Amino acid sequence: MYYSIVAGKGKGRLTDQIQQRKKGTWATTVLSTGEISAFLRANENGGVKVRIKEYSNVYWTKSAKNADNIRGVIQDNYGHAGIIFVEHLFKVGLEKIEHLWKKWKNRVENALPQTEYTSRVAKDYAVIMAATTLANEALGLNLSEENILDFIVEHEEKASVNRNTGRVAYEKIKQIIIEHQSNFRQDGQISFPQKCWGKVIYHNDFVEFAILKHILEQQLMENGFENINTVTNDWKKDGLLITEGDRKTKRTKICTEEEKEFREKMLGGKVPKKAEDTTYNLKIPKEEIEDLLARRRTAESFCNDPDIEQELG
């Protein structure tokens, strides 16, 4: 649905005579309010997050009274400003409007945080800024272009972080690793986890988590990251994976030759002839792991405190 609205083209459908129905087309901006984030239904899809601009926890009015006054004015004067604005657009002409849009696009692009999506989102924000300039001209308003641009930049800085699918997935997988740390064998130690996800290998300044390929991909899918290639490509590009050659995976020896039965259980089926298993080897700085472990211990001690338990229930 999101892609269809933004693309300005309806879905291809057939008539009852099995003929191609004419597609609806449009070019508009859709503004919507709601109690639930639109991204909750979009999983961790970077493409949708580029197409939708969402602003949460923003106080759009000064008070409830201010909001009621605005609502009253709009209800009594609906449509009047729109007519004047459109007449002004015809008077200005397409050439000046396009020139104004290009001018704002360049300015917005320079002001926004620089990411792979900057040029793309700048086009959308330039429409808003050009419309602000034209509205001031047509309606004699005093909308602050500088304040609106500052607002856009501030929220785009937050959005650009959430839009980086690889980084979001990395943070999520780190949390999952800590939560299920008992599922990993420790390098140099003999252990037989009930559910073995892979192996932990300690280095001087980072910890290497060799996670079985099917396990990591399953965890990504279950947590809304449908395009696994996008995630792992981002990881490799950002140096978060320890790999072999051009591959994103690595061959890691998790079990010894004498542990065939355990390895069979770990893989959930037939054991390969090679002694190593295909893994994604995630590289996590030691300080990040220690910080996550400390937070988890704090949370567990909080939940296990008998005084707190009694107070909560």
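Residue numbers here run from 1 along each chain, matching the order of that chain's written sequence. Local features are withheld for residues below a pLDDT of 70 in this predicted model, meaning they are given only at 70 or higher, and side-chain atom pairs are given and counted only at 80 or more; totals for whole chains, interfaces and linings count all residues. Hydrogen atoms and water are omitted, and side-chain values are computed over all heavy atoms in the structure.

### Some thoughts on the packing of helix H8 (residues 165–179) against helix H10 (residues 228–237)
For step 1, the next point in the chain: Comment: axis = line fitted to C-alpha atoms, over the contacting stretch for helices; angle = value between 0 and 180 degrees taken between N-to-C directions. A run of H or I in DSSP counts as a helix once it spans at least four residues, and a run of E counts as a strand once it spans at least two, with each numbered from the N terminus. Viewed as axis vectors pointing N to C, H8 and H10 meet at an angle of 90°, and their least axial separation amounts to 8 Å. Viewed along their axes, H8 and H10 adopt a mutual orientation that is roughly perpendicular. In contact with Thr-165, Gly-166, Ala-169, Tyr-170 and Ile-173 of H8, H10 contributes Val-231, Asp-234 and Trp-235.
For step 2, the next point in the chain: Gly falls in the polar group here, along with every residue not listed as nonpolar (Ala, Val, Leu, Ile, Met, Phe, Trp, Tyr, Cys, Pro) or charged (Asp, Glu, Lys, Arg). A class-by-class count of the residues in the contact of H8 with H10 yields five nonpolar, two polar and one charged. Orientation labels follow simple angle bins: below 35 degrees gives roughly parallel, above 145 gives roughly antiparallel, 65 to 115 gives roughly perpendicular, and whatever is left gives oblique. In this analysis, two residues are considered to be in contact whenever any of their non-hydrogen atoms come within 4.5 Å of each other.

### Description of the nonpolar core
Soluble, globular proteins show a tendency: their nonpolar side chains are buried together.
For step 1, the next point in the chain: Residues belong to a common nonpolar core when they are buried Ala, Val, Leu, Ile, Met, Phe, Trp, Tyr or Cys residues joined through side-chain atoms within 4.5 Å. Relative accessibility thresholds used throughout: buried, under 20% of the residue-type maximum; exposed, over 50%; partly exposed, between the two (1.4 Å probe, protein chains only). Counting 31 residues, the largest nonpolar core has Ile-173, Ile-177, Phe-209, Ile-211, Leu-220, Trp-235 and Leu-282 as its most contacted members.
For step 2, the next point in the chain: Within the residue set of this core, elements represented by two or more residues are H8, strand E3 (206–212), helix H9 (213–222), H10, helix H11 (260–267) and strand E6 (277–285).
For step 3, the next point in the chain: In terms of residue count, H8 provides more of this core than any other element does, six residues in total.
For step 4, the next point in the chain: Discounting residues that sit within four places of it in the chain, Trp-235 has contacts with Gly-166, Ala-169, Tyr-170, Ile-173, Leu-216, Leu-220, Leu-240, Leu-241 and Leu-282.
For step 5, the next point in the chain: Membership of the second largest hydrophobic core comes to 17 residues, among which are Leu-100, Leu-112, Val-121 and Ala-130.

### Focus on the environment of Arg-71
For step 1, the next point in the chain: Locating Arg-71 in the fold gives a position in helix H3 (residues 64–76).
For step 2, the next point in the chain: The exposure class assigned to Arg-71 is partly exposed, which follows from its relative accessible area of 44%.

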